[in-house]
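# Observations on the three-dimensional arrangement
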Amino acid sequence: MAALAAIQPCLWFNDQAREAMEYYVGVFPDSRINSIEAYPDESLDEHFAGMGGKVINGSFTLNGIDFVCLDGGPLFTFNESISFVVSCADQAEIDRYWAALSHVPESEQCGWCKDRFGVSWQIIPANMSELMQRPAQVQVMMAQKKIVIAELEQA
């Protein structure tokens, strides 16, 4: 068994943890669901009421990075204060991830998008800092939703 990373992101879903894990492992290479544990019997604790069949602990790997998740109910929701950065090798990779992850058009700005579960992502070129050297490049980026490398290079 491989050693766990010292820090792992944990995603709290209302009731879509299993669906989200299945979706994400289909989007990212080198990904897999490692384990899914269902909530124990509802009679063991009041917090388990109504949680039968839902995920109390899911473990999955996305592109070599370990995550955990759970179905915790509607008390907490995702927001843009936390996002995951996806560094892409080229425009084709940006386009592929954008098509898979961007599901909330009003949340798109400067390479940021939000997926159908409400998780925020930054889909950017790996050389983003090189593409932001001139004021004109910054202005172009600020007007973009999905990052278009050619437009930044031409600015």
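Summarised in this report is the structure supplied together with it. Treat the numbers as computed from the prediction; the structure is a model and nothing was measured.

### Here we look at the packing of aromatic side chains
- Under the defined criterion, the tally for this structure stands at 13 aromatic pairs.
- Aromatic pair Tyr-39 and Phe-48: ring centres 5.7 Å apart, planes at 70 degrees, arrangement edge-to-face. A single burial state applies to Tyr-39 and to Phe-48, both of which are buried.
- Within the aromatic cluster, the residues linked to one another by ring pairs are Phe-13, Tyr-23, Tyr-24, Phe-28, Phe-60, Phe-67, Phe-78, Phe-84, Tyr-97, Phe-117 and Trp-121.
- Looking at Arg-96, its charged tip hangs above the ring of Tyr-97, at a distance of 4.3 Å from the centre.
- The aromatic ring of Tyr-23 is capped on one face by Arg-116, whose charged end is 4.2 Å from the ring centroid.

### Focus: the sheet that holds strand E6 (residues 112–114)
- As summarised here, the arrangement of the three strands in space is E5-E7-E6, forming an open sheet in which the pairing is mixed. Where the open sheet ends on each side, the last strands, each with one partner, are strand E5 (83–88) and E6. The sheet shows a mean angle of 30 degrees between the axes of neighbouring strands, taken without regard to direction.
- Strands E5, E6 and strand E7 (120–125) of the sheet are contacted by helix H2 (residues 91–101), whose axis makes an angle of about 165 degrees with E7.

Definitions and cut-offs
- Residues numbered from 1 in each chain as written.
- Predicted model: local features only at pLDDT ≥ 70, side-chain atom pairs only at ≥ 80, totals over all residues.
- Heavy atoms only, no water.
- Phe/Tyr/Trp six-rings, centres within 6.5 Å; stacked < 30°, edge-to-face > 60°.
- Buried < 20%, exposed > 50% of the residue type's maximum accessible area, 1.4 Å probe, protein only.
- Lys NZ or Arg CZ within 6 Å of the ring centre and 35° of its normal.
- Pairing = 2+ DSSP bridges.
- Helix = DSSP H or I, 4+ residues; strand = E, 2+ residues; numbered from the N terminus.
- Axes fitted to C-alpha atoms, helices over the stretch in contact; angles between N-to-C directions.
- Contact = heavy atoms within 4.5 Å.

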